[in-house]
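Geometric and topological summary
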Amino acid sequence: MLKLLVLAGVLNFSAQNDTIPFINSTEIFQQVTELYKDQKYGELVTMLEKIPESDSNYYKSQKVFLEVYEANDQTDKAKKVLDNLMVNHLETNTNFYIQGGNLYLNNDEPDRAIAIYQQGLKKYPFSEVLLYNIGYGFYSKADYEKSIEYFIKAIQINPYYHRSHQMLGTIMAQSKYRTRAMLSFLTSLAMEPNANWVL
């Protein structure tokens, strides 16, 4: 009899917990994609807010928040989302660090941008794009020696990464090393023929 009472209590408790609504985040993302195309950002944010932290698509939803806030010049909100993602270690690839660093770099905070790029470089030490971005961060601070160091590291990992050659050419031209500048620009142009602004 006691077993029946315990079993009835457990079943009664289970039935009460089933009142939590099911949220299909895959369906939400299908709707969000359409809203993003139509630039209906207010509705998009409302839809994404339905996805709880426990959902496997939560990180993806935060990335979309980050993109939406950046697209709408809501820098403070974008920084808050980014900082939350970094604190909770929800990042998954180099693009996260690049996007995060760019957010700060585009808002005249190169030191914070460089710190984010360097944090990413600890996890992805062979990313020529992170190395390039660190170099560009130092370039924006007019620390040309440091920027050259990182552009060269990026080239050592991927000699065909034209942007590093391009920035080395820019620094050499500003430093009045015309021959070195031309060699760097021509190398960049050989890697990416459509970047003919160099000429």
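Refer to the preceding data block for the structure.
None of the values given here were measured: they were computed from a predicted structure.

1. Description of unusual backbone geometry
Within the chain, D108 stands out as a residue other than glycine whose phi angle is a positive 60 degrees. Along the polypeptide, D108 turns up in the loop between α6 (94-105) and α7 (110-123). Here D108 falls in the exposed class, since its relative accessible area comes to 70%. If you check the backbone angles, K176 has positive phi at about 70 degrees while not being a glycine. On the secondary structure map, K176 appears in the loop between α10 (162-174) and α11 (178-191). A relative accessible area of 58% means that K176 is categorised as exposed.

2. A look at the nonpolar core
Counting residues in each nonpolar core, the largest one holds 38 residues, and the members touching the most others are V32, L44, L48, V64, L82, F96 and I134. Apart from residues lying up to four places away in sequence, V64 is in contact with F29, V32, L44 and L48. Within the second largest apolar cluster, 11 residues are counted, among which are Y139, F151, M167 and A181.

3. Re the pattern of salt bridges
For the structure on display, the rule yields four salt bridges. Across the pair E34 and K37 runs a salt bridge, and its minimum N-O distance is 3.8 Å. Taken together, the residues span about one helical turn, with E34 and K37 both in helix α2 (residues 25-37) at a distance of three residues. Exposure remark for K37: the relative accessible area of 58% places this residue in the exposed category.

4. Comments concerning the packing of α10 against α11
The geometry of α10 relative to α11 is characterised by a closest axis approach of 7 Å and an angle of 160 degrees between their N-to-C directions. When the axis of α10 is compared with that of α11, the two are roughly antiparallel. Where α10 crosses over α11, the two elements pack in a sense that is left-handed. Every residue of α11 that contacts α10 at H162, H165, Q166, L168, G169, T170, M172 and A173 is listed here: R180, A181, S184, F185, T187, S188 and M191.

5. Observations regarding the packing of aromatic side chains
What the rule picks out here adds up to eight aromatic pairs. Relative to Y139, the ring of Y136 lies with its centre 5.8 Å away and its plane at 40 degrees, an arrangement referred to as tilted. Of the two residues, Y136 and Y139 both sit in helix α8 (residues 128-140), three residues apart, roughly one turn of that helix. On the accessibility criterion, Y136 (32% relative accessible area) is partly exposed. Ring pairs connect the aromatic residues Y132, Y136, Y139, Y144, F151 and Y161, which therefore count as one cluster. Between the NZ or CZ atom of R180 and the centre of the ring of Y177, over which it lies, the distance is 4.8 Å.

6. Considering the side chain of T75
When you line up the elements, T75 lands in helix α5 (residues 75-87). If we ignore the near neighbours within four places in the chain, the residues touching T75 are L103 and N107.

7. With respect to the packing of α6 against α7
Interaxial distance between α6 and α7 falls to 7 Å at its minimum, and their mutual angle equals 170 degrees. Judged by the angle between their axes, α6 and α7 are roughly antiparallel. In this structure, α6 uses Y97, I98, G100, G101, N102, Y104 and L105 to contact α7, whose residues at the interface are P110, R112, A113, I116, Y117, Q119, G120 and K123. Among the residues forming the contact of α6 with α7, the class breakdown is eight nonpolar, five polar and two charged.

8. A closer look at α7
Between its first and last C-alpha, α7 extends 20 Å over 14 residues, near the 20 Å set by a 1.5 Å rise per residue. Of the positions making up α7, those classed as buried are P110, A113, I114, I116, Y117, G120 and L121. The arc that holds the buried residues of α7, viewed along the axis, is 160 degrees, so those residues lie on one side. In α7, the exposed positions angled more than 90 degrees off the buried face are occupied by D111 and K122.

Cut-offs applied
- Residues numbered from 1 in each chain as written.
- Predicted model: local features only at pLDDT ≥ 70, side-chain atom pairs only at ≥ 80, totals over all residues.
- Heavy atoms only, no water.
- Helix = DSSP H or I, 4+ residues; strand = E, 2+ residues; numbered from the N terminus.
- Buried < 20%, exposed > 50% of the residue type's maximum accessible area, 1.4 Å probe, protein only.
- Core = buried A, V, L, I, M, F, W, Y, C linked by side-chain atoms within 4.5 Å.
- Contact = heavy atoms within 4.5 Å.
- Salt bridge = Lys/Arg side-chain N within 4 Å of Asp/Glu carboxyl O.
- Axes fitted to C-alpha atoms, helices over the stretch in contact; angles between N-to-C directions.
- Parallel < 35°, antiparallel > 145°, perpendicular 65-115°, else oblique.
- Left-handed = near helix turned anticlockwise from the far one by under 90°.
- Phe/Tyr/Trp six-rings, centres within 6.5 Å; stacked < 30°, edge-to-face > 60°.
- Lys NZ or Arg CZ within 6 Å of the ring centre and 35° of its normal.
- Nonpolar A, V, L, I, M, F, W, Y, C, P; charged D, E, K, R; others polar.
- Expected span 1.5 Å × (residues − 1).
- Arc of directions from axis to C-beta.

Structural measurements only, silent on function.
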